[in-house]
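A closer look at the structure
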Amino acid sequence: MSPTILITGASGQLGTVLTEALQHKYGRENVIASDIRLPESFDGVFEILDVTDAIRLEEIILKYKVDQIFHLAAILSANGEQNPLNTWEINMKALLNVLEASRKNKVAKVFHPSSIAVFGENAPAVDTPNDSLLNPLTSYGLSKAAGENWGKYYFHKYGLDVRSLRYPGIIGYQSKPGGGTTDYAVEIFHKAVTGEPFTCFLDKETTLPMMFMDDAVRATLELMESPRENIKVRTSYNIAGISFSPEEITASIRERFPNFIVEYAPDFRQEIADKWPKSIQDCEASRDWNWKPEYDLSRITMEMIDNLQGNYAGFV
Ligand code: AKB
């Protein structure tokens, strides 16, 4: 029998695509998508949910007899710095509500994302190992580092099957990110395809870990489908895709659009990016559940351009 899945933050960048993948896998009627706003168009079961509202969350869990929760709703790194205390309050409250409601209502599995933002100045910047010191320097990073430990706490204390991944920047054509430091790597493709110049908010040499959407969705499903005993890391798994700088992605895009204009105007997000790893190591994820990324930069560029060209042509 198919599990009933609740996904929070279903209208976000990853949520949009993960919801479709879950619907495809488990059946449209078994996936309850939720977010604070109704999306413009949605095919399936949707509930308005602000996850900081514990009563409403529990109502939905009971209404649908939810077996698994994919808790994606959060304020990201760049937006988070506009109001750091609010970011901490919302991100932590939402996660603790999900963990507590899952424990009380015997939800079988919980997924919650962490991020490369958990790393800060005391972690090696290149090939950052999974168990590096966590000294995040953003409110978002602080909430993710604390959240990882709360997940582990609920696993050890209550046996709740909590699983997590540290996502790098995610690049996809299906949806746009909102409020992150890695967002430029999606926006740049939209500008290239629509023939507009692009002003990058990071310096041209800022290398960051990134991943194509299909890899990120596959990693999430593979982690959640792995046998419980294989999941040895109960804080969060590093998952590596590829690493590149704005200059490198521009060069890759210029192979298709040689006249594409890119200018650099680093803003406050530069400081955030400078504290994050350039690349991360993911041996634990490969060891425990065979993680392996499939998309390199040239394949990402090709997929992004081809699909965005199709999307924009559809809108004309
Ligand atoms: C962000 O930039 O805040 C996110 C992340 C890397 O967690 N994309």
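Note that the structure is a prediction, hence the values are computed from the model and not measured. (Residues numbered from 1 in each chain as written. Predicted model: local features only at pLDDT ≥ 70, side-chain atom pairs only at ≥ 80, totals over all residues. Heavy atoms only, no water.)

**Here's the deal with the overall build of the protein chain**
Spelled out, the test is: Strands here are runs of E lasting at least two residues and helices are runs of H or I lasting at least four, both read from the DSSP assignment and numbered beginning at the N terminus. Only C-alpha atoms enter the radius of gyration; for comparison, a globular chain is expected to reach 2.2 Å times N to the power 0.38, where N is the number of residues. Here the term buried applies to any residue with accessible area under 20% of the maximum for its type, exposed to any over 50%, and partly exposed to those in between, with areas from a 1.4 Å probe on protein chains only. Residue contacts are counted whenever heavy atoms from the two residues lie within 4.5 Å of one another. All accessible-area figures derive from a Shrake-Rupley calculation using a 1.4 Å probe, and residue coverage is judged against the displayed protein chains alone.
The secondary structure content of the protein chain amounts to 11 helices and 14 strands. Here the protein chain has a C-alpha radius of gyration of 19 Å; the compact-globule value for 316 residues is 20 Å, and the two agree. Going through the 316 residues of the protein chain one by one, you find that 54% of them count as buried. Partitioning the contacts of the protein chain with sequence separation of at least 6, the portion at a separation of at least 24 is 78%. Carbon and sulfur atoms form 50% of the exposed surface of the protein chain, whose accessible area is close to 14100 Å².

**Considering helix 2 (residues 54–64)**
Selection criterion: Each direction from the helix axis to a C-beta atom contributes to the arc, which is the arc of those directions.
Taken together, the buried positions of helix 2 are Leu57, Ile60 and Ile61. Axial view of helix 2: buried residues confined to an arc of 100°, hence all on one face. Exposed residues pointing more than 90 degrees away from the buried face of helix 2 are listed as Ile55, Leu62 and Lys63. In this structure, the buried residues of helix 2 make contact with strand 1 (5–8), strand 2 (31–35), strand 3 (45–48), strand 4 (68–71) and helix 4 (84–104). Taken from the residues just after helix 2, Lys65 is the one with a positive phi, measuring 55°.

**So, unusual backbone geometry**
The phi angle at Lys106 is positive, at roughly 55°, despite the residue not being glycine. Structurally, the position occupied by Lys106 is in the loop between helix 4 and strand 5 (109–111). The backbone of Asn290 sits at a positive phi, close to 60°, despite the residue not being glycine. The residue Asn290 is located in the loop between helix 10 (283–289) and helix 11 (297–315) in this model. According to the relative accessible area criterion, Asn290 is exposed, its value standing at 63%.

**A look at a nonpolar patch on the surface**
Basically, it comes down to this: Only residues whose relative accessible area exceeds 30% and that take part in no salt bridge are eligible for patches, with like-charged residues grouped when within 9 Å of each other and nonpolar side chains (Val, Leu, Ile, Met, Phe, Trp, Tyr) grouped when within 5 Å. The working definition used for a salt bridge is a side-chain nitrogen of Lys or Arg within 4 Å of a carboxyl oxygen of Asp or Glu.
On the surface, Trp150, Tyr153 and Tyr158 cluster together into a nonpolar patch covering about 290 Å² of accessible area. Given a relative accessible area of 34%, Trp150 falls into the partly exposed group.

**Notes on the site of the ligand**
This is how the line gets drawn: When at least one non-hydrogen atom of a residue lies within 4 Å of a molecule or strand, that residue is treated as near it. Whenever a nitrogen or oxygen atom comes within 3.5 Å of another N or O atom, the pair is scored as a polar contact, on the condition that within protein one atom can donate a hydrogen and the other can accept it, and that pairs from neighbouring residues in sequence are kept only if both atoms are in side chains. By the convention adopted, Pro, Cys, Tyr, Trp, Phe, Met, Ile, Leu, Val and Ala count as nonpolar, Lys, Arg, Asp and Glu as charged, and the other residues, Gly among them, as polar.
In the neighbourhood of the ligand, the contacting residues comprise Leu76, Ser77, Ser115, Ile116, Tyr140, Gly180, Thr181, Thr182 and Trp276. Contacts to the ligand include Tyr140, whose side-chain N or O atom sits 2.7 Å from an oxygen atom. One nitrogen or oxygen atom from the main chain of Thr181 is found 2.7 Å from an oxygen atom belonging to the ligand. Summarising the interface, the protein chains cover 93% of the accessible area of the ligand, which totals 250 Å² for the free molecule. Here the residues of the shell around the ligand are counted per class, giving four nonpolar, five polar and no charged.

**What to know about the sheet that holds strand 12 (residues 237–238)**
Paired through backbone hydrogen bonds, the strands of a sheet run either parallel or antiparallel to each other. Spelled out, the test is: When DSSP locates at least two bridges between a pair of strands, those strands are taken to pair. Axis definition: a line fit to C-alpha positions, over the contact stretch in the case of helices; interaxial angles, taken between N-to-C directions, run 0 to 180 degrees.
Strands sit in the order 6-8-12 across an open sheet of three strands; the sheet is parallel. The open sheet is flanked by strand 6 (114–115) and strand 12, the only strands paired with a single partner. The pairing of strand 6 with strand 8 (residues 165–167) spans two bridges and is classified as parallel. The residue of strand 8 that forms the bridge with Ser115 is Tyr167. Its contacts with the sheet put helix 7 (residues 213–225) on strand 8 and strand 12, and the angle it makes with strand 8 is roughly 175°.

**Focus on the domain arrangement of the protein chain**
In many reports, interface size means the accessible area that the parts give up when they come together. Note the threshold: Domain ranges listed in this record stem from an automatic or a database domain assignment. What counts as buried area is the accessible surface, traced by a 1.4 Å probe, that two parts surrender upon association, with contributions from both included.
Split by domain assignment, the protein chain resolves into domain 1 (5–168 + 213–238) and domain 2 (170–210 + 241–312). Taken together, the contacts link 43 residues of domain 1 with 36 residues of domain 2. Together, the buried faces of domain 1 and domain 2 total about 3400 Å²; carbon and sulfur atoms form 61% of this surface. Sorting the residues of domain 1 by area buried against domain 2 places Gln13, Ile116 and Pro168 first, and these three jointly supply 20% of that buried surface. Across the domain 1-domain 2 interface, the total number found is one salt bridge. Arg218 is the salt-bridge partner of Glu294, the closest N and O atoms lying 3.9 Å from each other. Applying the counting criterion to the domain 1 and domain 2 interface returns 18 residue pairs in polar contact (both at pLDDT 80 or more). Every element with two or more residues in the side of domain 1 that touches domain 2 is listed here: helix 1 (13–26), helix 3 (77–80), strand 8, helix 7 and strand 12. When its residues are assigned to classes, the side of domain 1 that touches domain 2 shows 21 nonpolar, 13 polar and nine charged.

**Re the layout of surface pockets**
So the rule is basically this: Definitions used for this entry: grid spacing 1 Å over protein atoms alone; cavity, a set of points where a 1.4 Å probe fits but cannot get out; pocket, an open set with protein on both sides within 12 Å along at least 5 of 7 lines; lining residue, one with an atom within 4 Å of a point. Grid points are joined across faces, edges and corners, and a volume is the space filled by probe spheres set on the points.
Each pocket or cavity is described by its volume, and for the second largest pocket that value is around 190 Å³. Surrounding the second largest pocket, 16 residues form its lining, Asn130, Lys152, Val233, Arg234 and Thr235 being those nearest its centre. The greatest single-element share of the lining of the second largest pocket, amounting to five residues, is contributed by helix 5 (residues 139–158). The residue makeup of the lining of the second largest pocket, split by class, is four nonpolar, five polar and seven charged.

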